[in-house]
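A structural walkthrough
Read off the chains here:
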Amino acid sequence: MTKDVAGEKGSFSGKDYHDPPPEPLFDATELGRWSFYRALIAEFIATLLFLYVTVMTVIGYKNQTDPTLHPDQCAGVGVLGIAWAFGGMIFILVYCTAGISGGHINPAVTFGLFLARKVTLVRAVMYMVAQCLGAICGVALVKSFQSSYYTRYGGGANGLSHGYSIGTGVAAEIIGTFVLVYTVFSATDPKRSARDSHVPVLAPLPIGFAVFIVHLATIPITGTGINPARSLGAAIIYNKDQAWDHHWIFWVGPFAGAALAAFYHQFVLRAGAVKALGSFRSQSHV
């Protein structure tokens with residue numbers, strides 16, 4: 001691509017990228033396209049695999065560090081390994097499904113993209129349903145394969161750790177999800193893709209790495225939700241009081257963090273508010 005240079009200071013008069021037009025709020029025609037249902041299947045399977053591998057890792061780690069079974073408390077993958085399991089699976093699954101469904105695998109990501117007009121309301125709602133169903137099925141597989149350990153070690157359910165207040169838990173989920181969704185917007189920004197086209201970095205890589213980093217920070221606080229489908233699937237299959245006591249945190253926090261990330265990227269970094277005001281002023285003078 002080429003740029004038109006204007007002036008001695010090297011300012012550019014044209015763009016070498018194109019922002020896709022905003023999606024309509026509601027598009028019923030999607031319901032008649034096979035590509036729409038193919039995307040739903042991809043989101044369902046991806047979330048199923050995500051929950052299966054990650055919750056299985058959590059259960060395995062707790063079994064390996066159970067002092068009644070294994071005196072060596074340094075056995076197992078540790079918190080670092082759990083974080084790698086979550087981040088690595090997101091990298092793999094986003095890479096596999098990005099060309100089919102966009103690789104959301106998280107209702108909070110879908111919500112943020114919906115607020116930014118990247119997906120329609122129909123697609124956003126159906127993605128969230130597919131993601132939640134996939135998460136439930138994924139944890140159910142873990143329970144069926146690890147029936148002797150699943151309930152004993154908490155079923156991989158999220159919960160507020162002892163010593164932390166509800167406010168701290170909500171803040172951890174908001175900030176953690178903000179980091180994730182902000183990374184999603186940045187990694188898939190068409191302006192960045194055009195500017196850094198010479199840099200061989202896959203978009204799923206920073207997204208998976210963001211999940212990894214957030215898990216390192218928030219596992220001690222909430223077990224790390226930042227994905228309402230992940231929290232819901234584990235809570236439904238485990239179905240004990242401790243899984244439901246503060247379950248609302250894992251919906252309010254991620255959705256608030258996603259909304260903040262969408263606003264920050266679209267209206268601050270990409271100057272969406274300034275562009276909208278300029279467009280309004282130009283139309284008012286016509």
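Source: prediction; values computed, not measured. (Residues numbered from 1 in each chain as written. Predicted model: local features only at pLDDT ≥ 70, side-chain atom pairs only at ≥ 80, totals over all residues. Heavy atoms only, no water.)

Here we look at the pattern of salt bridges
This is how the line gets drawn: Should a side-chain nitrogen of Lys or Arg be within 4 Å of a carboxyl oxygen of Asp or Glu, the pair is scored as a salt bridge. Think of it in three bands: residues with accessible area under 20% of the maximum for their type are buried, residues over 50% are exposed, and the middle band is partly exposed, with areas taken using a 1.4 Å probe on protein chains only. Numbering of helices and strands runs from the N terminus; a helix is a DSSP stretch of H or I covering at least four residues, while a strand is a stretch of E covering at least two.
Taken as a whole and assessed by the stated rule, the structure comprises 2 salt bridges. The shortest N-O distance in the salt bridge between D27 and R33 comes to 3.9 Å. Residue classification places R33 among the partly exposed positions, given a relative accessible area of 37%. The closest approach of N and O atoms between R123 and E30, which form a salt bridge, is 2.9 Å. Here the residue R123 occupies a position in helix α4 (residues 121-145), and E30 occupies one in the loop between β2 (11-12) and α1 (34-64), the gap between them amounting to 93 residues. Assigned by exposure class, R123 and E30 land together as buried.

A closer look at the nonpolar core
Selection criterion: Within this scheme, the nonpolar core is defined by two criteria: the residues are buried Ala, Val, Leu, Ile, Met, Phe, Trp, Tyr or Cys, and they are joined through side-chain atoms within 4.5 Å.
Core analysis: the biggest nonpolar cluster contains 46 residues, and F50, L180 and I207 have the highest contact counts within it. Elements with a minimum of two residues in this core: α1, α2 (78-97), α3 (107-115), α4, α6 (166-187), α8 (204-222), α9 (228-238) and α11 (249-269). By residue number, the principal contributor to this core is α1, which donates 7 residues. In this structure, F36, A39, L40 and Y127 belong to the second largest nonpolar core, which totals 6 residues.

Some details on the side chain of D189
To keep things clear, this is the line we draw: Side-chain atoms alone can form a polar contact between residues adjacent in sequence; in general such a contact is a pair of N or O atoms within 3.5 Å, and within protein one must be able to donate a hydrogen while the other accepts it. Throughout, a residue-residue contact means that at least one pair of heavy atoms, one from each residue, lies within 4.5 Å.
Positionally, D189 belongs in the loop between α6 and α7 (190-195). A polar contact is formed between the side chain of D189 and the side chain of H265, at a distance of 3.3 Å. In this structure D189 touches H265 and R270, once residues within four positions along its chain are discounted.

Let's talk about the packing of aromatic side chains
What counts here: Only centres within 6.5 Å qualify two rings of Phe, Tyr or Trp (six-membered ring in Trp) as a pair; their planes then separate them into stacked at under 30 degrees, edge-to-face at over 60, and tilted for everything else.
This structure, assessed with the given rule, holds 13 aromatic pairs. Ring centres of W251 and F255 lie 5.9 Å apart, and the angle between their planes is 50 degrees; on these two criteria the pair is classed as tilted. Of this pair, W251 and F255 both sit in helix α11, separated by 4 residues, roughly a single helical turn. Ring-pair connections join several aromatic residues into one group, and the members of that group are W84, F209 and F212.

Brief notes about the environment of A187
Inspection of the secondary structure puts A187 in helix α6. Exposure remark for A187: the relative accessible area of 18% places this residue in the buried category. Remark: the alpha-carbon pair of A187 and L205, spanning 18 residues in sequence, is separated by 8.9 Å. Sequence-distant contacts of A187, defined by excluding residues within four places in its chain, comprise A203, P206 and I207.

Here's the deal with the side chain of S101
Within the fold, S101 resides in the loop between α2 and α3. A relative accessible area of 6% places S101 in the buried class. For S101, the residues in contact, after removing those within four places along its chain, are A39, A42, E43 and Y127.

A few points about the packing of α9 against α11
Put simply, the test is: Note on geometry: axes are C-alpha line fits, over the in-contact stretch for helices, and angles between N-to-C directions span 0 to 180 degrees. Here the word oblique covers every angle except those under 35 degrees (roughly parallel), over 145 (roughly antiparallel) and from 65 to 115 (roughly perpendicular). Residue classes follow a fixed rule: Ala, Val, Leu, Ile, Met, Phe, Trp, Tyr, Cys and Pro count as nonpolar, while Asp, Glu, Lys and Arg count as charged, and any other residue, Gly among them, counts as polar.
Where α9 meets α11, the axes come as close as 9 Å, and the angle between the chain directions of the two elements is 170 degrees. For the element pair α9 / α11, the angle class is roughly antiparallel. Note on element contacts: α11 touches α9 through F250, W251, P254 and F255, opposite P228, S231 and L232. Taken together, the residues that form the contact of α9 with α11 break down as 6 nonpolar, 1 polar and no charged.

Some thoughts on α2
Since the α-helix advances by 3.6 residues per turn, residues separated by three or four positions end up pointing in the same direction. The condition is simple: Take the residue count of a helix, subtract one, and multiply by 1.5 Å to get its expected span.
The first and last C-alpha atoms of α2 sit 29 Å apart over 20 residues, in line with the 28 Å expected at 1.5 Å per residue. Here α2 has its buried residues at G78, G81, I82, A83, A85, F86, G87, M89, I90, L93, V94 and T97. Looking at the buried positions of α2, the neighbouring elements they touch are α1, α8 and α9.

Describing unusual backbone geometry
Peptide bonds are trans in most cases, and residues, glycine excluded, mostly fall at negative phi. Positive phi, close to 55 degrees, is recorded for I105, a residue that is not glycine. Positive phi outside glycine occurs at I226, with the angle close to 45 degrees. Within the element layout of this structure, I226 appears in the loop between α8 and α9.

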